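Spelled out, the chains give:
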Amino acid sequence: MLLRAREPLLVAATAIHETLTASPVVCSDETSARVMGKTWWEWVFVGTLAVLHVIRPSRGKAVVQALFGTIQPMVWVSDMLGSQRGHGVEWQVCLAHLLRDARYAVQCGDVAFSAAFKRLLLRAIAIGRRRDTLKDTTLKQYHADLDRRLDRIMAAVPIGEPGRKLRKRIAANRGHLFVFVTNRGVPYTNNVSERNLRPSVIFRKVTNGFRCEWGAETYAAFRSVVSTAKANHASVLAVLRFVLAARPSVQIPDQVG
């Protein structure tokens, strides 16, 4: 049954890939996967109309470069992992991840820098939630105000190592914090990617992974079809029936399992 489903799912995943690369905004994240007893990585790329899952042995930039080639989305949304950087014309850092780091630094005693930075992040997130009700000129004013507030916060001297590390990261990446404020199509967190990876995390814990590469490839294609259907508010069952209706000839791999 899996062998019969594999080819049409891969064909559908190829079409999803083409749609994804045309998206102006792409959110990306990754989680570990087990393939033949080894640690691989399941990547997810969420565009405007498409969601693509791929499972690869690498967590490096080469995975993204192989999928996008010379194509650069207008905005890339992700956490601060090095392999997630440099793929879009602009980069929006996930504020939820920074908020978590700021809270940790505050708990470690940094009431000078991290506490004020946490309040700034909460203010920025509140603005993001209200974007649809605000004018473009108002958003530009908010963006300038956030920058001014960040200038004052950066002048503070952190207390403790977690606070110093956080301030150093913010100083190097402050231009990527508030891209979403004046661009309504950009989310301020990468939560959409994490939600799309959650079923795979549960699958990994229940099954302990894949016994062959083609099984991982088929699963990633299946998740791409399901996630894309949900992103477009379509019936998952109807979409799967449509995809599986085409059954090209299948060459059985040497290893089945």
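Please refer to the structure placed before this passage.
Residues numbered from 1 in each chain as written. Predicted model: local features only at pLDDT ≥ 70, side-chain atom pairs only at ≥ 80, totals over all residues. Heavy atoms only, no water.

Turning next to the overall build of the chain. Within the chain, the regular secondary structure consists of ten helices and five strands. Across its three principal axes, the chain shows a C-alpha extent of roughly 65 × 40 × 30 Å. Sequence separation of 24 or more characterises 63% of the internal contacts of the chain that already satisfy a separation of 6 or more. Of the accessible surface of the chain, which amounts to about 13,400 Å², a share of 55% is contributed by carbon and sulfur atoms. Counting 37 positive and 19 negative side-chain charges, the chain places the averaged centre of each group 5 Å from the other. (Helix = DSSP H or I, 4+ residues; strand = E, 2+ residues; numbered from the N terminus. Contact = heavy atoms within 4.5 Å. Areas by Shrake-Rupley, 256 points an atom, 1.4 Å probe, with all protein chains shown as cover. Lys, Arg positive; Asp, Glu negative; His and termini not counted. Charge placed at Lys NZ, Arg CZ, Asp CG, Glu CD.)

What follows is about the side chain of Gln84. Among the structural elements, Gln84 can be located in the loop between strand 4 (75-78) and strand 5 (90-93). Only 3.1 Å separates the side chain of Gln84 from the side chain of Trp76, close enough to count as a polar contact. The residues contacting Gln84, other than those within four sequence positions of it, are Ser28, Asp29, Glu30, Trp43, Trp76, Ser78, Asp79 and Trp91. (Polar contact = N/O pair within 3.5 Å; in protein donor to acceptor, adjacent residues only side chain to side chain.)

Not every positive phi belongs to a glycine, and Asn208 is a case in point at roughly 65 degrees. Here His233, not a glycine, exhibits a phi torsion of approximately 55 degrees, which is positive. For His233, the position within the fold is in the loop between helix 9 (213-231) and helix 10 (236-245).

So, on to the packing of aromatic side chains. Scanning the entire structure with this criterion turns up nine aromatic pairs. Ring geometry for Phe113 and Phe117: centres 5.6 Å apart, planes at 10 degrees, overall stacked. Owing to a relative accessible area of 0%, Phe113 belongs among the buried residues under this scheme. Against the face of Trp41 rests Arg59, its NZ or CZ located 4.4 Å from the ring centre. (Phe/Tyr/Trp six-rings, centres within 6.5 Å; stacked < 30°, edge-to-face > 60°. Buried < 20%, exposed > 50% of the residue type's maximum accessible area, 1.4 Å probe, protein only. Lys NZ or Arg CZ within 6 Å of the ring centre and 35° of its normal.)

Counting residues in hydrophobic clusters, the biggest one holds 62 residues, and the most contacted among them are Phe45, Leu98, Phe117, Ile170 and Phe178. Not counting residues up to four positions away in its chain, the partners in contact with Phe117 are Leu98, Ala102, Leu150, Ile153, Leu166, Ile170 and Leu177. (Core = buried A, V, L, I, M, F, W, Y, C linked by side-chain atoms within 4.5 Å.)

Here helix 4 (residues 114-129) is 16 residues long and its end C-alpha atoms lie 22 Å apart, about the 22 Å a rise of 1.5 Å per residue gives. Where helix 4 is concerned, the buried positions are Ser114, Ala115, Ala116, Phe117, Leu120, Leu121, Ala124, Ile125, Ile127 and Gly128. On its buried side, helix 4 packs onto helix 3 (95-107), helix 5 (136-154), helix 6 (161-173) and helix 7 (179-182). (Expected span 1.5 Å × (residues − 1).)

An ideal rise of 1.5 Å per residue puts 24 Å on 17 residues; helix 8 (residues 191-207) measures up with 25 Å between its terminal C-alpha atoms. Among the residues making up helix 8, those that are buried are Ser193, Asn196, Leu197, Ser200 and Arg204. Residues of helix 8 that are buried in the fold lie against strand 1 (25-35), strand 2 (38-46), strand 3 (51-56) and helix 9. Looking one or two residues past helix 8, Asn208 carries a phi angle of roughly 65 degrees, positive in sign.

Once that is clear, we can look at the pairing of strand 3. Side chains on a regular strand alternate between the two faces of the sheet. Judged by how many residues are buried, strand 3 sits mostly within the fold: five of six residues are covered. Hairpin remark: strand 2 followed by strand 3, antiparallel, with four residues in the connecting loop. (Pairing = 2+ DSSP bridges.)

Before going further, it helps to spend a moment on the pattern of salt bridges. Side chains carrying opposite charge are able to pair once their charged atoms draw close together. Considering all chains together, one arrives at eleven salt bridges under this definition. Asp136 is the salt-bridge partner of Arg184, the closest N and O atoms lying 2.7 Å from each other. One end of the pair, Arg184, is in the loop between helix 7 and helix 8; the other, Asp136, is in helix 5, with 48 residues separating them in the sequence. A salt bridge links Arg148 to Asp145; its shortest N-O distance comes to 3.9 Å. Taken as a pair, Arg148 and Asp145 lie in helix 5 at a separation of three residues, close to a single helical turn. Sharing partners across several salt bridges, the network here consists of Arg123, Asp145, Arg148 and Arg149. (Salt bridge = Lys/Arg side-chain N within 4 Å of Asp/Glu carboxyl O.)

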